[in-house]
Amino acid sequence: MNPRLIGSLVQKDLSIFFRNRFFAIITVLGIIAYLVVYFAMPGAVDDTLEIGIYSPVSIPAFAKLDEEGLEFVVVSSEEQLRQAVIDGEFIAGISLPPDTLTHLIAGKRPGVNVFFGADAPPEIKDAVVVVIQELGYAATGQTLDIDVSEEVLGLDLGGTPLPPRDRLRPLLAVMLIMVETMGLATLISAEIERRTINALLVTPATVADVFIAKGIAGISLAFGQAALFMAIVGGLSQQPLVVLTALLLGAILVIAAGFIIGAVAKDMLSVLAWSLPVIIILIIPSLAIAFPGSVTGWVEALPTHYLVDTVHRASNFGSGWGDVWQNLLILAGFDLALAWTGVAVLRRRMR
Amino acid sequence: MNQAITAEELTYRYDNLLAVDHISFSVAEGEILGFLGPNGAGKTTTVKMLTGQIKPKEGRAYLLGMDITRNVEKVQGQLGICFEVTNLYEQMTAVENLRLFARLFGVHPFDAEALLERVGLAGRGKDRVETYSKGMKQRLMVARSILNRPKVLFLDEPTAGLDPTSSEAIRNIILEERERGATVFLTTHDMMEADKLSHRVAFMNQGKIVALDTPHNLKQKYGKRALKAKVLNTNGGLEDREVVMDSPETPRAVQELFSREKVVTIHSEEATLEDIFINITGRGLVE
């Protein structure tokens, strides 16, 4: 391995990459477009929060409930209420036992179960308790003690409700990384098809030098764009090292995929044909973050799940190394397996 | 004289196809060897083995005294290779192409413009290669192959399909490199070019070397000299006549030609390398 030779090859690859108008344009426009999409999304959560209520008996006071910014929706069962909270339809759910009204009128302390979504903020929890007290007041005309039993449904991220743009952030970052699969694959397939690789390999540069140079060029493009995007949109304000590590591992994943596609593709069109399905599949886990409930648990089989989950949790909820190390480890494992496969396939093609 | 290239029983198979069949030869330092043969004869495969691009299935190749398979990187640093197929970075300029390879070979300082001038591309260095004609690209390929002042220069069909001006420019560079002391391994199926440039030529056919000698010796051994004449026939048309030279019967045959026929034109003709190749193999160089 010769750093001087590798440096020359990286410089050459980056130069050729940006002279390909298609990739130069999608690289620059990609960042701009994603920034536009990000900043066009609402920067704050919807002012009106929906709270679900289940009560087996009719309580006249419900009709009088009117809190600014809160909307109450009655559901028909506690199970339905729990599921709606898990699915994110309600920020919280209040389940009243059948004897609530009787207890209230009798001046006894009724017990109330309250369910919260994973990312319900503390102020919402406080607000819901106040609402329940008001309910008691509206029903009896006097302040009453109520036993409130709280239950957080799903993984408690203990953070704030996410503005749509922040939910979208991991998706956009991952898309920026993924697109570089095509860029690198095109560089590799062109190198093989035009036989410039033969000219390189009769110089003192070795196959390893060429692989490393391609890897560095690809990682620089993929990681560089994603890191730049995250920096601009504030995605590095929390746990920047964790986020950057995840993005770097994601970039390596993409480079490995680029090696494989570059080895099997014959030209730019076949690179596109191979890349698009791969990119679409790998982006699916990001949709689970951007649009909760849209994707089921099978996405955990995809390596990018561990990338977007880490970026989401670290950048949006401040999760540290202790929370995401398993994700990073699994992602690194996928990287190793794919990189090994990519190098093997490419080496075979070059022969 | 030291040998720059030595091949011992070199053999290569592509699956069931025996492309190169146990060939042995050597090329002295400073010599130009013309490697002639029709397409598919095994010339390019031989070059690939000699330059370390592929490993021989059998036999050994020594370049500058080193076994190429064991010293690939060390040997390749002293080789210059001009490939049969144009393989330049077309999105880059000529200067950028040359500078990239100069860095890879560790050539410093490097004057790209001077080299471009030498191959007749002065003033075009900052143009992207994709805008070049075939001849210009080929000249740039040759420039790239000599930028590290190689001790052994491999040129694989360097003038194939080029216009006479570009071909002549490349031939001049080959001669300049020989003057510098480089050994040149010239693969071609242009017998005129090989005849003009080579100290010796090797004929390759179906993976084997069927003849290897100086062009003069090959012509002496396999060729025949003749007098070619055009004579008037009784209808006023022209007919060809041939008198074989270097035969005891030649003086009498010439005398009879002039006494019996009305000779319009007459000239001597020497066998070409192509004639000799056909004579040896029964097939032409260009098929």
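These numbers come from a predicted model, not from an experiment.

When you go through chain A residue by residue, the secondary structure sums to 12 helices and five strands. A burial count over chain A gives 49% of its 351 residues as buried. Of all intrachain contacts in chain A linking residues separated by at least 6 positions in sequence, the fraction that spans at least 24 positions is 75%.

In the structure shown here, the tally under the stated rule is nine aromatic pairs over all chains. With centroids separated by 5.8 Å and ring planes inclined at 45°, the aromatic side chains of A:Phe211 and A:Phe259 adopt a geometry described as tilted. One end of the pair, A:Phe211, is in helix H8 (residues 207–232); the other, A:Phe259, is in helix H9 (residues 240–264), and 48 residues separate them in sequence. Of the two residues, A:Phe211 and A:Phe259, neither departs from the other in class, the shared state being buried. Three or more aromatic residues joined by ring pairs make a cluster, and in this case those are B:Phe25, B:Phe35, B:Phe154 and B:Phe185. One residue, A:Arg82, lies across the ring of A:Phe115, its end atom 4.9 Å from the ring centre.

Once that is clear, we can look at the environment of B:Thr131. Residues and elements named next belong to chain B. Here Thr-131 is to be found in the loop between helix H4 (112–118) and helix H5 (134–146). The sequence separation of Thr-131 and Thr-93 amounts to 38 residues, and the corresponding C-alpha distance is 9.3 Å. In this structure the side chain of Thr-131 is engaged in a polar contact, spanning 2.6 Å, whose partner is the backbone oxygen of Arg-128.

Before going further, it helps to examine the confidence of the model for chain A. The pLDDT averaged across chain A works out to 81; a share of 84% of its residues lies at or above 70. Looking across chain A, the model is least confident in strand E5 (residues 147–152) of chain A, with a mean pLDDT of 72, and most confident in H9(A), with 92.

The next point concerns the sheet that holds strand E11 (residues 226–232) of chain B. Residue and element names in this part refer to chain B. A sheet is described by the order of its strands in space; here three strands give the open sequence E12-E11-E13, paired in antiparallel fashion. Sheet topology places strand E12 (238–244) and strand E13 (262–269) at the edges, where each strand pairs with a single neighbour. Neighbour-to-neighbour, the strand axes of this sheet turn through a mean angle of 20°, independent of strand direction. Pairing of E11 with E12 involves seven bridges; the strand directions are antiparallel.

As a further point, take the interface of chain A and chain B. Between chain A and chain B, the contact holds 22 residues from the first and 24 residues from the second. Where chain A abuts chain B, roughly 2000 Å² becomes buried across the two surfaces, and 61% of that area is made up of carbon and sulfur atoms. Together, A:Arg19, A:Val202 and A:Pro204 form the three largest contributors to the area buried by chain A at its contact with chain B, with a combined 30%. Counting the contacts that link chain A with chain B gives one salt bridge. Note that B:Glu96 is salt-bridged to A:Arg19, the shortest N-O span being 2.6 Å. Between chain A and chain B we count eight residue pairs in polar contact (both at pLDDT 80 or more) in total. Among the elements of the structure, helix H1 (3–19) and helix H7 (196–200) of chain A are those that each provide at least two residues to the side of chain A that touches chain B. No other element matches H1(A), which puts nine residues into the side of chain A that touches chain B. Class assignment for the residues of the side of chain A that touches chain B results in nine nonpolar, seven polar and six charged.

Next up on the list: a negative patch on the surface. Residues A:Glu50, A:Glu71, A:Asp87 and A:Glu89 make up a contiguous surface patch of negative charge. Look at A:Glu71 and you get partly exposed, because its relative accessible area is 38%.

We now examine unusual backbone geometry. Across the junction of B:His108 and B:Pro109, the peptide omega takes the value 0°, indicating a cis bond. Looking at the element boundaries, B:Pro109 is found in the loop between helix H3 (94–105) and H4. Phi is positive for A:Gln239, which is not a glycine, with a value near 45°. Relative to the elements of secondary structure, A:Gln239 occurs in the loop between H8 and H9. Since its relative accessible area comes to 29%, A:Gln239 is described here as partly exposed. Despite not being glycine, B:Gln206 has its phi angle at roughly 50°, a positive value.

Turning to the sheet that holds strand E10 (residues 208–213) of chain B, a few remarks are in order. Residue and element names in this part refer to chain B. Across the sheet, which stays open at both edges, the six strands sit in the order E6-E7-E8-E3-E9-E10 with mixed pairing between neighbours. For this open sheet the edge positions go to strand E6 (79–82) and E10, each flanked by a neighbour on one side alone. On average, each strand axis in the sheet is tilted by 15° relative to the strand beside it, whichever way the strands run. Bridge count for strand E3 (residues 32–36) against strand E9 (residues 200–205) is four bridges, and the pairing is parallel. Considered in E9, the bridge of Leu-36 is made with Phe-203.

With respect to the helices and strands, A:Asp309 occurs in helix H11 (residues 303–317). Every residue in contact with A:Asp309, bar those within four places of it in the chain, is listed here: A:Ile289 and A:Asn327.

A separate point is a nonpolar patch on the surface. Residues and elements named next belong to chain A. A cluster of nonpolar side chains, namely Ile-25, Val-28, Leu-29, Ile-32 and Val-36, defines an oily patch on the protein surface of about 450 Å² accessible area. In this structure, Val-36 sits in helix H2 (residues 21–40). On the basis of relative accessibility, which here comes to 51%, the residue Val-36 falls in the exposed class.

Here we come to the confidence of the model for chain B. Residue and element names in this part refer to chain B. Averaged over all residues, the pLDDT of chain B equals 90, while 98% of them reach at least 70. The element-level mean pLDDT for chain B is lowest in helix H10 (residues 273–281), coming to 83, with H3 highest at 95. Scoring of the predicted complex yields 0.72 for pTM and 0.82 for ipTM.

Residues and elements named next belong to chain B. Buried residues dominate E9, accounting for five of its six residues. Where E9 meets E10, five bridges bridge the pair, whose relative direction is antiparallel. Considered in E10, the bridge of Met-204 is made with Ile-209. Linking two consecutive strands that pair antiparallel, namely E9 and E10, is a turn of two residues; a positive phi of about 50° is found at Gln-206 within it.

Okay, the packing of helix H6 (residues 164–193) of chain A against H9(A) next. The description of two packed helices rests on the angle between their axes and on the distance between the axes. Residue and element names in this part refer to chain A. Viewed as axis vectors pointing N to C, H6 and H9 meet at an angle of 35°, and their least axial separation amounts to 7 Å. Judged by the sense of rotation from one axis to the other, the crossing of H6 with H9 is right-handed. Taking contact as the criterion, the partners of Ala-173, Ile-177, Met-178, Glu-180, Thr-181, Leu-184, Ala-185, Ile-188, Ser-189 and Ile-192 in H6 are, on H9, Leu-247, Gly-250, Ala-251, Val-254, Ile-255, Ala-257, Gly-258, Phe-259, Ile-261, Gly-262 and Ala-263. Of the residues that constitute the contact of H6 with H9, the class distribution is 15 nonpolar, five polar and one charged.

Definitions and cut-offs
Residues numbered from 1 in each chain as written. Chains lettered and ligands numbered in written order. Predicted model: local features only at pLDDT ≥ 70, side-chain atom pairs only at ≥ 80, totals over all residues. Heavy atoms only, no water. Helix = DSSP H or I, 4+ residues; strand = E, 2+ residues; numbered from the N terminus. Buried < 20%, exposed > 50% of the residue type's maximum accessible area, 1.4 Å probe, protein only. Contact = heavy atoms within 4.5 Å. Phe/Tyr/Trp six-rings, centres within 6.5 Å; stacked < 30°, edge-to-face > 60°. Lys NZ or Arg CZ within 6 Å of the ring centre and 35° of its normal. Polar contact = N/O pair within 3.5 Å; in protein donor to acceptor, adjacent residues only side chain to side chain. pLDDT = per-residue confidence, 0-100. Pairing = 2+ DSSP bridges. Axes fitted to C-alpha atoms, helices over the stretch in contact; angles between N-to-C directions. Buried area = accessible area lost by both parts, 1.4 Å probe. Salt bridge = Lys/Arg side-chain N within 4 Å of Asp/Glu carboxyl O. Nonpolar A, V, L, I, M, F, W, Y, C, P; charged D, E, K, R; others polar. Patch = residues over 30% accessible without salt bridge, like charges linked within 9 Å, V, L, I, M, F, W, Y side chains within 5 Å. Areas by Shrake-Rupley, 256 points an atom, 1.4 Å probe, with all protein chains shown as cover. Lys, Arg positive; Asp, Glu negative; His and termini not counted. Charge placed at Lys NZ, Arg CZ, Asp CG, Glu CD. Left-handed = near helix turned anticlockwise from the far one by under 90°.

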